[in-house]
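Chain and residue survey
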Number of protein chains: 2
Amino acid sequence: MAAGAKVQEVDQDDEHVISDLEQFVGYNLKRAYVIVQADFREALGQDSLAPRVFSALSLVVQFPHISQSKLARRLGIERSGLVAIVDELEGLGYLSRATVPGDRRVQALVPTQKGRSAYAEAVATVRAHEKALLADLSAAEQRVLINLLRKIRSKGEVE
Amino acid sequence: MAAGAKVQEVDQDDEHVISDLEQFVGYNLKRAYVIVQADFREALGQDSLAPRVFSALSLVVQFPHISQSKLARRLGIERSGLVAIVDELEGLGYLSRATVPGDRRVQALVPTQKGRSAYAEAVATVRAHEKALLADLSAAEQRVLINLLRKIRSKGEVE
DNA sequence: AGGATATTGTTTATCTGGTAAACAGTTTAA
DNA sequence: TTAAACTGTTTACCAGATAAACAATATCCT
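As the structure is a computational prediction, the values presented were derived from the model and not from experiment. (Residues numbered from 1 in each chain as written. Chains lettered and ligands numbered in written order. Predicted model: local features only at pLDDT ≥ 70, side-chain atom pairs only at ≥ 80, totals over all residues. Heavy atoms only, no water.)

1. Focus: the sheet that holds strand 2 (residues 95-99) of chain A
All names here are of chain A. Note the following rule: Two strands qualify as a pair provided that DSSP identifies no fewer than 2 bridges between them. Here a strand is any run of E in DSSP of at least two residues, a helix any run of H or I of at least four, and the numbering for each starts at the N terminus. Residues count as neighbours in contact if any of their non-hydrogen atoms are within 4.5 Å of one another. Between the N-to-C directions of two axes lies an angle of 0 to 180 degrees, each axis being a line fitted to C-alpha atoms and, for a helix, fitted only over the stretch in contact.
Taken in spatial order, the three strands of this open sheet run 1-3-2, and their pairing is antiparallel. Two strands close off the open sheet at either side, each with one partner strand: strand 1 (66-67) and strand 2. Relative to strand 3 (residues 107-111), strand 1 runs antiparallel, the two sharing two bridges. In the strand pairing of strand 3, S67 is matched with A108. Against the sheet, helix 2 (residues 51-62) touches strand 1, strand 2 and strand 3, its axis set at about 90° to strand 3.

Below is the structure:
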């Protein structure tokens with residue numbers, strides 16, 4: 001039990017000394033998220049789609065005629081926040097707001113052909129970048145990772 | 001090659017239909033991160049520390065006399081952004097900016113006793129909340145998750 | 001020595017993503 | 001038919017983050 005008070009003068013490179021924070025899932029999640037997100041942005045470039053816009057487009061392509069409310073719920077954001085995203089996609093000519101016969105409140109979002117092919121291209125790009133970024137992880141590891149993350153996600157979607 | 005064009009009329013509850021996005025690590029990472037972060041905030045409450053303030057305090061407690069520049073680098077943020085965080089921690093009486101004999105530019109951050117105990121308490125709280133949130137994951141799964149996330153993190157710390 | 005260069009903490013302006021509250025138009029329920 | 005609920009939207013706001021400039025100080029170079 002000798003020698004325990006030498007913690008004061010640590011002025012060198014604490015750079016990769018392991019820290020308390022690393023025990024928390026939340027901290028590791030955040031750091032990993034930041035990295036993957038940066039890679040995503042680099043993949044699709046400033047010219048193109050931000051992550052959330054990409055996600056919105058993805059759902060519109062997969063579920064044509066989805067309403068904005070449903071889309072927002074599915075994306076986990078407020079309807080008010082979705083407006084700008086849909087505006088952007090409409091401005092790019094990737095979708096159009098279509099009126100729905102039965103209900104004059106809702107606007108069905110339908111992807112254009114341009115939107116569909118832009119999405120297909122974006123998917124390929126993102127997939128390639130993600131593959132490169134995660135080259136350290138085997139296919140099995142990636143599956144495990146996604147499944148663990150999905151387990152966490154399921155805790156939040158309760159509401 | 002029969003029957004492939006029935007994708008149009010999906011107007012029911014698409015709620016938990018599996019979507020394209022789920023194949024991407026980035027998407028799952030983001031969703032999981034949002035949930036864990038919300039839980040963290042609930043744990044420490046609006047009264048108390050935001051995640052980034054908690055992280056800063058953690059490193060100051062672990063590495064007393066760390067400089068603001070080093071702290072910022074370690075947190076992965078800009079020095080300019082750190083100022084407000086340190087201001088807040090100083091305002092709470094959790095640390096003080098101490099001058100350093102050798103170099104009059106740097107301000108060494110030293111935790112107060114109050115800061116140390118506040119941190120210890122916060123760690124316990126966060127740990128308990130995280131444990132509850134991640135109850136679905138076994139201890140082994142949590143270790144695996146953290147290690148996989150750490151692998152991703154290592155790709156980013158290169159620079 | 002002294003001048004260029006670099007570093008530290010800081011302020012300011014700016015951007016992004018996101019929420020909350022209010023609103024008009026429309027539909028549904030009592 | 002009146003009350004309640006829902007849809008898309010605008011507006012105001014907030015959090016976190018970056019970039020650029022700056023004064024004070026330190027280091028390097030010959």
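2. Considerations on the interface of chain B and chain A
Formally: Accessible area that two parts lose when put together, evaluated with a 1.4 Å probe and summed over both, is termed the buried area. Salt bridge, as applied in this entry: a Lys or Arg side-chain nitrogen positioned within 4 Å of an Asp or Glu carboxyl oxygen. A 3.5 Å cut-off defines polar contacts: any pair of N or O atoms within that distance qualifies, except that in protein one atom must be a possible hydrogen donor and the other a possible acceptor, and neighbouring residues in sequence count only when both atoms are side-chain atoms. Put simply, Ala, Val, Leu, Ile, Met, Phe, Trp, Tyr, Cys and Pro go in the nonpolar bin, Asp, Glu, Lys and Arg in the charged bin, and everything else, Gly too, in the polar bin.
Across the contact, 61 residues belong to chain B and 60 residues belong to chain A. Across the interface of chain B and chain A, roughly 6,500 Å² is buried in total on both sides, 59% from carbon and sulfur atoms. Linking chain B to chain A there are six salt bridges. With a shortest N-O distance of 3.0 Å, A:K151 and B:E141 are connected by a salt bridge. There are 18 residue pairs in polar contact (both at pLDDT 80 or more) connecting chain B and chain A. Contributing elements (two or more residues each) for the side of chain B that touches chain A: helix 1 (25-44), helix 2 (51-62), helix 3 (68-75), helix 5 (113-133) and helix 6 (139-156) of chain B. Among the elements that take part in the side of chain B that touches chain A, helix 6 of chain B stands out by supplying twelve residues, more than any other. For the side of chain B that touches chain A, the class distribution of residues is 31 nonpolar, twelve polar and 18 charged.

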